[in-house]
Amino acid sequence: MSWASVYGQEHAKSLLMRAIRNRQLAHAYLFWGIEGSGKDALAFALARAVNCESGGPELCLECTSCRISDPLRHPNIHFVCPLPQGKNEKAGDDPVGVLSSEELETVKEQLRLKGANPYHTIQIERAQFIKLNSIRSLKRESALTEYGSGRNVFIISNADAMNEEASNALLKTLEEPPGKSLIILTSSWKERLRETIVSRCQMIHLEPLPESEIRRYLVEREDAKEANAELIAVLSEGSISAARGLLRHDILGMRSGAIGFLRLALTNRRGALMHAIEETVVSGGKPGVEQFLRVLHQWLRDALILRDRGPEGIHDVGDRADLERFTQRFPEADLIGALNRVDRAIALVGKNVYLSLLLTNLAIELRADLTAQRRS
Ligand SMILES: [Zn+2]
């Protein structure tokens, strides 16, 4: 897991590489940005770089450190994340040792997945907080000598999940940074961190990822088909976590569903339209309807681009013929108005509205917008 396995984030990467080169690394960093922007991935890359015997910042890929492929099996890389509270857990207990054997299995499996793919979102039941005992054991380990010529790196993932006691303990560690240790906090909710902690870290912001990087991730790491990756990338709003969540949905299928919905709305086939709407609502619930509306929005946007600017820039996912037919048949359609309507419907899904009615009204409004005659 090297710098190259971090998608996008060129600015953050070059900043850190330069700091290594100039021997100006801080003792503590806070990587912050939206969920799925690659904070943990960047933390792993930095941890590996400071442990490469070549001195970095590039990995030599040949030294003992570089040859350990799973960063979570590296003796100098320590990973802290929220864990369940153990039964009768006391101060000073091993934070993992107190877990039930079942919980322990889950933790191991989750860490294995994280080690194999830093973009994996760890999911452990009842793991709400980063425990005081986890920070205590970090403190103990940071006093130990590092392995080889590298340095101990502590990655505190989702650092905003630290409870009060854990935050206090970490603050003390940050005030007196032990020896060569490097502490990296990652957080999607920086404002939930104590100001005193934030002020002791060098902050590095990770931007939401561009669509091209998410598409590349999906094809390279998740073996997604190009067309599907293309659509998911647009819907994930800069987050690989969101993209991974969407992989479970049939986005291409949803796009044909959206075309079907428009077709029924435009031809005013009420019975079939009601049936399609009920199906969308029943099978997907609120999240499904929202996803459906986003896909619909994307298709209408493609229609607008195709009509006004040509095929360059539309999502080429195999339904260009549908788009072309539509723009030829309704050359005067008020597509901007239609896009605004879908936007408004998306905003309403989160509120307490009757979803079937929302989609029915939308169909009626879209029919008016799309069959409109442009006023000259
Ligand atoms: Zn190396």
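Look up a bit, the structure's there.
Since this is a predicted model, take the numbers as computed values, not measurements.

1. Details of the overall build of the chain
Each helix and strand in the chain was counted, giving 14 helices and five strands. Based on the C-alpha atoms only, the size of the chain along its principal axes is roughly 75 × 45 × 35 Å. Counting across all 376 residues of the chain, residues that qualify as buried make up 51%. In the chain, 74% of the contacts between residues at least 6 apart in sequence involve partners at least 24 apart. Within the structure as shown, the chain displays about 18,700 Å² of accessible surface, and the carbon and sulfur contribution to it stands at 49%. Both charge centroids of the chain, one from 49 positive and one from 49 negative side chains, sit 2 Å from each other.

2. Here we look at the pairing of strand β2 (residues 77-80)
Burial along β2 is two-sided: the face carrying I77 and F79 and the face carrying H78 and V80 are both buried. Pairing between β2 and strand β3 (residues 153-156): four bridges, direction parallel. Considered in β3, the bridge of H78 is made with F154.

3. Some words on the coordination of the zinc ion
Only C52 (SG), C60 (SG), C63 (SG) and C66 (SG) from the protein reach the zinc ion as donors, at distances of 2.3 to 2.4 Å. Taken together, the four donor atoms coordinating the zinc ion and their angles of 102 to 123° define a geometry best described as tetrahedral. All donor residues of the zinc ion come from one chain, and their arrangement in sequence is C-x7-C-x2-C-x2-C. The buried category is assigned to C63, whose relative accessible area is 8%.

4. Description of the nonpolar core
One finds Y29, F31, L46, L293, L296, L300 and L370 to be the most contacted residues of the largest nonpolar core, which totals 91 residues. Here the element with the most residues in this core is helix α11 (residues 270-309); it accounts for 14 residues. Those residues in contact with L293 that sit more than four places away from it in its chain are V342, A345, I346, V349, L359 and L362. If you look at the next biggest cluster of nonpolar residues, it comprises 23 residues, including L138, L174, L193 and I197.

Calculation rules
Residues numbered from 1 in each chain as written. Predicted model: local features only at pLDDT ≥ 70, side-chain atom pairs only at ≥ 80, totals over all residues. Heavy atoms only, no water. Helix = DSSP H or I, 4+ residues; strand = E, 2+ residues; numbered from the N terminus. Buried < 20%, exposed > 50% of the residue type's maximum accessible area, 1.4 Å probe, protein only. Contact = heavy atoms within 4.5 Å. Areas by Shrake-Rupley, 256 points an atom, 1.4 Å probe, with all protein chains shown as cover. Lys, Arg positive; Asp, Glu negative; His and termini not counted. Charge placed at Lys NZ, Arg CZ, Asp CG, Glu CD. Pairing = 2+ DSSP bridges. Donors = N, O, S within 2.8 Å, 3.2 Å for Na, K, Ca; no water. Tetrahedral: all angles 85-135°; square planar, octahedral: opposite > 155°, others 65-115°. Core = buried A, V, L, I, M, F, W, Y, C linked by side-chain atoms within 4.5 Å.

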